Amino acid sequence: MTAGREPIAVVGVAGRFPGVAGLDELWDALVEGRELLTRFTPEQLAAAGVTERERDDVDYVPVRGTLDGIEDFDAAFFGLTPREAMITDPQHRLLLECAWEALEYAGHPPSREPGRIGVFVGTGVNTYLANHLLGRPDLLAELGPLPILIGNEKDHAATRIAYRLGLRGAAIGVQTACSTSLVAVHLACESLRSGDADIALAGGATVSTPQQRGYRHEPNGIGAPDGHCRAFAADAAGTVAGNGAGIVVLRRLRDAVADGDPVLGLVLGSAVNNDGAAKVGYTAPGVAGQAEVIGMALARAGVDPASVDVVEAHGTGTEIGDAIEVAGLGEALGRGGPAGVRLLGSVKPNLGHLDAAAGITGMIKMLLALRHGIVPPTVNHDRPHPDIPFAEAGLRVNTTAEPWPARGGPRRGCVSSFGIGGTNAHVVLQEAPPPPVTPRTADADLVVLSGRTPQAVRVAARRLGDHLANTPRWELADVAHTSRAGRTAWPIRRAIVATDRADLLRQLGTAAEPVTAPRRATLAFAFPGQGSQFPGMAAGLHTRLPGVRERIETGLDALPAGRADPVRAVLLDPSAAAQAARPSIAQPALFLLEYALGGQLLDWGLRPQRLIGHSVGEYAAFCLAGGLRPADALALLTERGRLVERTPPGRMAAVLAGRDRVAALLPPGVQVAADNAPGVTVVSGPPAGVRELSDRCAAAGIRVRPVPAAHGFHSRLLDSIRDDFRTAAASVPHHPVTTTVLCGLTGQPVVEGTTRPAEHWVRQMCEPVRFREAAAELLAVRHPVVLEVGPGRALTALVRAAGGGPVPVAPTMPATAGPDALPVLLRAVATAWTAGVEPDWAAFRLDPAARRVPLPAYPFERVRHWVDLTPPGAAAMVADSAAVPAVPAVPAAPTAPTAPTEPETSAAAVEREIIAAWRDLLGATDVVPESDFFALGGESLVAVRMLSRLRQRCGVRVPLRILAQDPTVRGLTRAALDRLPARVN
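Each chain carries its own residue numbering, running from 1 in the direction its sequence is written. Per-residue local features of the predicted model are confined to residues with pLDDT of at least 70, and side-chain atom pairs are confined, for both listing and counting, to 80 or more; whole-chain, interface and lining totals are unaffected and use all residues. In computing side-chain values, all of the structure's heavy atoms are included and hydrogens and water are not.

Engineer: So what exactly am I meant to see when it comes to the nonpolar core here?
Structural biologist: Within soluble globular proteins, side chains that are nonpolar tend to cluster in buried spots. Judged by nonpolar contacts, the single largest core of 111 residues is most densely connected at Phe525, Leu571 and Leu787. Considering every element that reaches this core, the biggest residue donor is helix α24 (residues 583–603), with 11 residues. Any two residues whose heavy atoms approach within 4.5 Å at even a single point are treated as in contact. Among all residues touching Leu787, those that are not within four sequence positions of it are Leu523, Ala524, Phe525, Ala526, Leu601, Leu606, Ala810, Thr812, Ala828 and Ala832. By size, the runner-up hydrophobic cluster in this structure holds 107 residues, among which are Ile161, Ala245, Ala271 and Leu977. To define a nonpolar core, start from buried Ala, Val, Leu, Ile, Met, Phe, Trp, Tyr and Cys residues and group those joined through side-chain atoms within 4.5 Å. Relative accessibility thresholds used throughout: buried, under 20% of the residue-type maximum; exposed, over 50%; partly exposed, between the two (1.4 Å probe, protein chains only). Numbered from the N terminus, helices here are DSSP runs of H or I no shorter than four residues, and strands are runs of E no shorter than two.

Engineer: Which parts of the structure should I look at to understand unusual backbone geometry?
Structural biologist: Glycine aside, residues mostly have negative phi, and peptide bonds are mostly found in the trans state. Of the consecutive residues Thr209 and Pro210, the connecting peptide bond is found in the cis state with omega at -5 degrees. Tracing the backbone shows Pro210 in the loop between β8 (199–206) and β9 (215–216). Phi is positive for Phe232, close to 65 degrees, though the residue is something other than glycine. Tracing the chain through its elements places Phe232 in the loop between β9 and β10 (244–252). The backbone of His714 shows a phi angle near 55 degrees, a positive value even though the residue is not glycine.

Engineer: Could you clarify how one ought to interpret the sheet that holds strand β19 (residues 445–451) in this entry?
Structural biologist: What links the strands of a sheet is backbone hydrogen bonding, and the strands pair in either a parallel or an antiparallel sense. By this definition, two strands are paired if DSSP reports at least two bridges between them. Spatial ordering of the open sheet is given by β19-β20-β21, a layout of three strands whose pairing is antiparallel. Single-partner strands in this sheet number two, and they are β19 and β21 (515–516). Pairing between β19 and strand β20 (residues 492–498): seven bridges, direction antiparallel. Counterpart to Leu449 in the pairing with β20 is Arg494. Helix axes are fitted to C-alpha atoms over the stretch in contact, other axes to C-alpha atoms as well, and angles between N-to-C directions run from 0 to 180 degrees. Across the sheet, helix α18 (residues 476–485) touches β19 and β20, and the angle it forms with β19 is around 35 degrees.

Engineer: Explain helix α17 (residues 454–470) to me, please; I cannot follow it from the model alone.
Structural biologist: Residue pairs spaced three or four apart in an α-helix point in one direction, given the helix's 3.6 residues per turn. Taking 1.5 Å as the rise per residue, α17 with 17 residues should run 24 Å; its terminal C-alpha atoms sit 25 Å apart, in good agreement. When we look at burial in α17, the residues that qualify are Ala456, Val457, Val459, Ala460, Ala461, Leu464, Gly465, His467 and Leu468. On its buried side, α17 packs onto β19, α18, β20 and α19 (501–508). How far a helix is expected to stretch is found by multiplying one less than its residue total by 1.5 Å.

Engineer: How should the pairing of strand β26 (residues 680–685) be read in this particular structure?
Structural biologist: Note on strand geometry: in a regular strand, side chains alternate between the two faces of the sheet. The element β26 is extensively covered by neighbouring structure, given that five of its six residues are classed as buried. When strand β24 (residues 651–655) meets β26, the two strands line up antiparallel, connected through five bridges. Within β26, the position partnered with Val655 by the bridge is Thr681. As defined by bridge partners, strand β25 (residues 671–677) adjoins β26 across five bridges and the pair is classed as antiparallel. The residue of β26 that forms the bridge with Ala677 is Val680.

Engineer: Explain the packing of helix α31 (residues 771–778) against helix α32 (residues 794–803) to me, please; I cannot follow it from the model alone.
Structural biologist: The relative placement of two packed helices comes down to the angle between their axes together with the axis-to-axis distance. Between α31 and α32, whose axes approach to 9 Å, the crossing angle comes to 70 degrees. Compared by their axis directions, α31 and α32 come out roughly perpendicular. Considering the relative orientation of α31 and α32, their crossing is right-handed. For the pair α31 and α32, contact is made by Phe771, Ala775 and Ala776 and by Leu795, Leu798, Val799 and Ala802, respectively. Residue type decides the class: Asp, Glu, Lys and Arg count as charged, Ala, Val, Leu, Ile, Met, Phe, Trp, Tyr, Cys and Pro as nonpolar, and the leftover types, Gly among them, as polar. Counted by class, the contact of α31 with α32 contains seven nonpolar, no polar and no charged residues. By definition in this entry, angles of less than 35 degrees are roughly parallel, angles greater than 145 are roughly antiparallel, angles of 65 to 115 are roughly perpendicular, and the rest are oblique. Crossing handedness: left-handed means the near helix sits turned counterclockwise from the far one by under a right angle, and right-handed means the same turn made clockwise.

Engineer: Sorry, what's going on with the packing of helix α21 (residues 546–558) against α24 here?
Structural biologist: For the pair α21 and α24, interaxial distance at closest approach is 8 Å and the crossing angle is 140 degrees. As far as their axial angle goes, α24 and α21 are oblique. As for how α21 packs across α24, the hand of that crossing is right-handed. Contacts from Pro546, Gly547, Val548, Arg551, Ile552, Gly555 and Leu556 of α21 reach α24 at Leu592, Tyr595, Ala596, Leu597, Gly599, Gln600 and Asp603.

Engineer: I keep staring at the side chain of Asp74 and nothing clicks. Help me out?
Structural biologist: Its location among the elements puts Asp74 in the loop between β5 (72–73) and α4 (82–86). No salt bridge is formed by the buried Asp74, whose closest oppositely charged neighbour, Arg452, lies at an N-O distance of 4.6 Å. Only 2.8 Å separates the side chain of Asp74 from the backbone nitrogen of Glu861, close enough to count as a polar contact. Residues contacting Asp74, with those up to four places away along its chain left out, are Glu97, Tyr858, Phe860, Glu861 and Arg862. In this tally, Asp and Glu contribute negative charge and Lys and Arg positive charge; neither His nor the terminal groups of the chain are included. Salt bridge, as used here: a side-chain nitrogen of Lys or Arg that lies within 4 Å of a carboxyl oxygen of Asp or Glu. We define a polar contact as two N or O atoms separated by no more than 3.5 Å, with the added condition that, inside protein, one atom must be a possible hydrogen donor and the other a possible acceptor, whereas residues neighbouring each other in sequence contribute only through side-chain atom pairs.

Engineer: How should the sheet that holds strand β15 (residues 395–397) be read in this particular structure?
Structural biologist: Within the open sheet, the 11 strands sit side by side as β7-β6-β8-β10-β1-β11-β18-β17-β12-β13-β15. Their pairing is mixed. Each end of this open sheet is capped by a strand with a single partner; those strands are β7 (171–173) and β15. Put simply, the sheet's adjacent strands are angled 25 degrees from each other on average, direction ignored. When strand β12 (residues 310–312) meets strand β13 (residues 342–345), the two strands line up parallel, connected through three bridges. Within β13, the residue paired with Glu312 across the bridge is Gly345.

Engineer: In this structure, what is going on with helix α28 (residues 687–699)? I would like to understand it.
Structural biologist: An ideal rise of 1.5 Å per residue puts 18 Å on 13 residues; α28 measures up with 19 Å between its terminal C-alpha atoms. When α28 is considered as a whole, its buried residues turn out to be Gly689, Val690, Leu693 and Cys697. Down the axis, α28 shows its buried residues gathered within 95 degrees of arc, on one side only. For α28, the exposed residues set more than 90 degrees away from the buried face come down to Arg691, Asp695, Ala698 and Ala699. Tucked inside the fold, the buried residues of α28 contact β24, β26 and β27 (704–707). Phi turns positive, to about 75 degrees, at Gly701, one or two residues after α28. Relevant arc is that of directions from the helix axis to the C-beta atoms, nothing else.

Engineer: How should the pattern of salt bridges be read in this particular structure?
Structural biologist: Should their charged atoms come close, side chains of opposite charge can pair. In this structure the tally under the stated criterion is 47 salt bridges. In this structure, Asp920 and Arg949 form a salt bridge, with 2.9 Å as the shortest nitrogen-oxygen distance. Of this pair, Asp920 sits in helix α34 (residues 907–922) while Arg949 sits in helix α35 (residues 940–954), and the two are 29 residues apart along the sequence. By sharing partners, the salt bridges in this structure join Glu142, Glu913, Asp920, Arg949 and Arg953 into a single network.

Engineer: Explain the pairing of β25 here, please?
Structural biologist: Most of β25 is tucked away, with seven of its seven residues classed as buried. Connecting β25 to the next strand, β26, in antiparallel fashion are two residues.

Engineer: Which parts of the structure should I look at to understand the packing of aromatic side chains?
Structural biologist: The geometry of an aromatic ring pair is captured by the separation of the ring centres together with the interplanar angle, meaning the angle of the planes. Note on aromatic pairs: the rings of Phe, Tyr and Trp (six-membered ring only in Trp) are paired at centre separations within 6.5 Å, and the planes decide the class, stacked below 30 degrees, edge-to-face beyond 60, tilted for the rest. One pass over the structure, following the stated rule, counts 21 aromatic pairs. Between Phe622 and Trp761, the aromatic rings sit 5.1 Å apart at their centres with planes inclined by 80 degrees, giving edge-to-face as the arrangement. Placement of Phe622 in helix α25 (residues 617–624) and of Trp761 in helix α30 (residues 758–766) is noted, with a sequence separation of 139 residues between them. According to the relative accessible area criterion, Trp761 is buried, its value standing at 1%.

Next up, the structure:
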């Protein structure tokens, strides 16, 4: 299909376009044939600095394609200080936003992408610098030339994206005038094919400010006399400028398919060349160059030109340019398409000429047309230009929306973009291959939302709900997978366990408040003991989770045939109540489930730093810590249960009082079996003795609950089997643990590298469980999070009691058989994530067929960061290159203020000067003596400028390294005072 060249998949897209709020609105406007340009009122023109004389000129055309909100920006999101954002070219700011949104559309945010992401972007003429910044000598003097340069020079548009988003591929600024962004696409594709990048961003932006300015029409110029672009029309007379930005995300097709990316379309081939000198002038187009670049792209695509159905042309609406373009297309493509006619269109009559963003905008239009199977009309086209040879070129301009021509193969279209100066670019596109049809699992799933602020999470929830209500085709599994693996995890979080789409929509509509996750949480697993089991306890998870199923089946295969069948019954058959009561069956079954479920959590990237087990549960803890092999643990527990069944009958009871109070009431033969919590003690002994204790407790007003057990675990009733079990424990190898285990026998940690001897397991069976002490030690860490890994929630309550406060603790399983096994597990994972644990979301895919799908991007919280228009006369206005090229008149750089003759050097004066400098240079308003320079967004360049100002104003030199040691106002003040030659206190 591609002559040996692998297609490049377009997996993400984002843009800002005149008159619309997003891609969906853009598509609607294109299909409806709407012109989205703005015609300005005299008041708007006056506010933008257009003089009355200019406004009254009959040749002045008050039209442009404008963008809403270019003054606003979420500086904190991208790590810029308010002052830094204010002096940054809005074109750079738009590209930052579009880059982030396009990567989120693709489901590959930088924080989750281990490969190299390249950036290929360019911008238009920087009018913000000339018309807004250069008229502010105070600002320029305060900040210095280097921050202004970095914020406004075209060279830094791509590298700024790479730095702010943490991208490690090549970051290359592309500048070829009107063809900039399509040239960027070509370079990005070649970077992917060469292996320099694994993912590539490509696009461009043009923002000419002030936006509410038109242009003066000049006869034979490129600006339309009436403010309407009429591409290929009989009355075509020029173009109209517009502002906009667009970026696409590109990947090698095999990588995109493997990751289940949302493929919008394929780049089959692309090419770039230049007209050279074979044309009448520098700004003129050339037929030969355009025909050649189209032919090169088709050859690289390896497709027959006759298979191309639609052409998105450069189409500026200039009489000569349109005619030359059609001639070049005819020469390169020949006649083809259905009935020998291809459809020809241009997006510029809708939006205006977006200069550096023009090519990517045409490509985005073509991708949307390929996806929807509709070719939008070219507006302002009443009749074709009689001198353009459409018929000879096999082309027709459609003036109404039409179905994509059907010809029995994949839809193919191509896009042209030609820059002033002769750099031509052409891209051949094909519709995306259909996603594989695989059986889907309609079941519960986990959707996560996060943001930098609570308001961002609330808005994200509302946007997602609105999006899903209007996009019924997305499966819950796809939405959930994208929310986890396709988004950055911010500290403010909300998690939703939904049983289906309707349940998700309902919960998104509620006012649940997000929570703040700590930076580093300490995860622990707690494994319950015998008594928590129930028949059929593994059935739900065995069916849905391969990791659980495989570990259980492996364990069952390791058991003797006579044991495997009843253990399987306890795990999977809700009617196997009799077997579930037998220790020789229940204990290995409980272990297998706990070990399998703990292993599944490990597979999902939930890696505990601490483990704890209650009685039998300690076997699962030591196995996951590496202290025992699963087969050896199964053998020990099978023998342990068999031996316990030989002991005299016993009873157990939970007494709701502390250990010391219970010990004072114990009759002979009864002993404390488990010190579980400050107010929960379990006793064990002969049936008569336990009944007597119950009577004593009732007389003392202490509640007692029977524990369903036919044997006296953790009491002297097991002394008769000590020797036999010691022999069994000595027959298996014991290994050093690799994760700390909190020991129920001692209440103390078994640290990494420590081995428990065989005698440990003998005493662990017969002596009391000191769970209260072990749980207190378990929680003696920073930000503990505990998951009870096994049936029920007994340990959940005990750990909470040991914490003495709000500790994130969650069960992973229900206490009885039922359909809610998976939702309970997902809620446990949700608890861990909202508490600061970071799973491996790429591995957490409940539905193997789950794909990334386009979901709403991060809701930026934009505020105004803007330098208002320079008053007329302070700096010459600069026009955009799409309409009336001009060269900015740059005034001389202002002179920096000189230092005071007699600087103030009191402590208060120095502190005031430092606070003022931080506010001026960082744009921060809440600077206090305890403020941290770097926490406010400061970096090295600003630090150098700030220390230079301190030297000028206070006559003291403070080395940069001192600021790094104590970056607070108070610390810097102290350092400055220590270095003054003479201090005035």
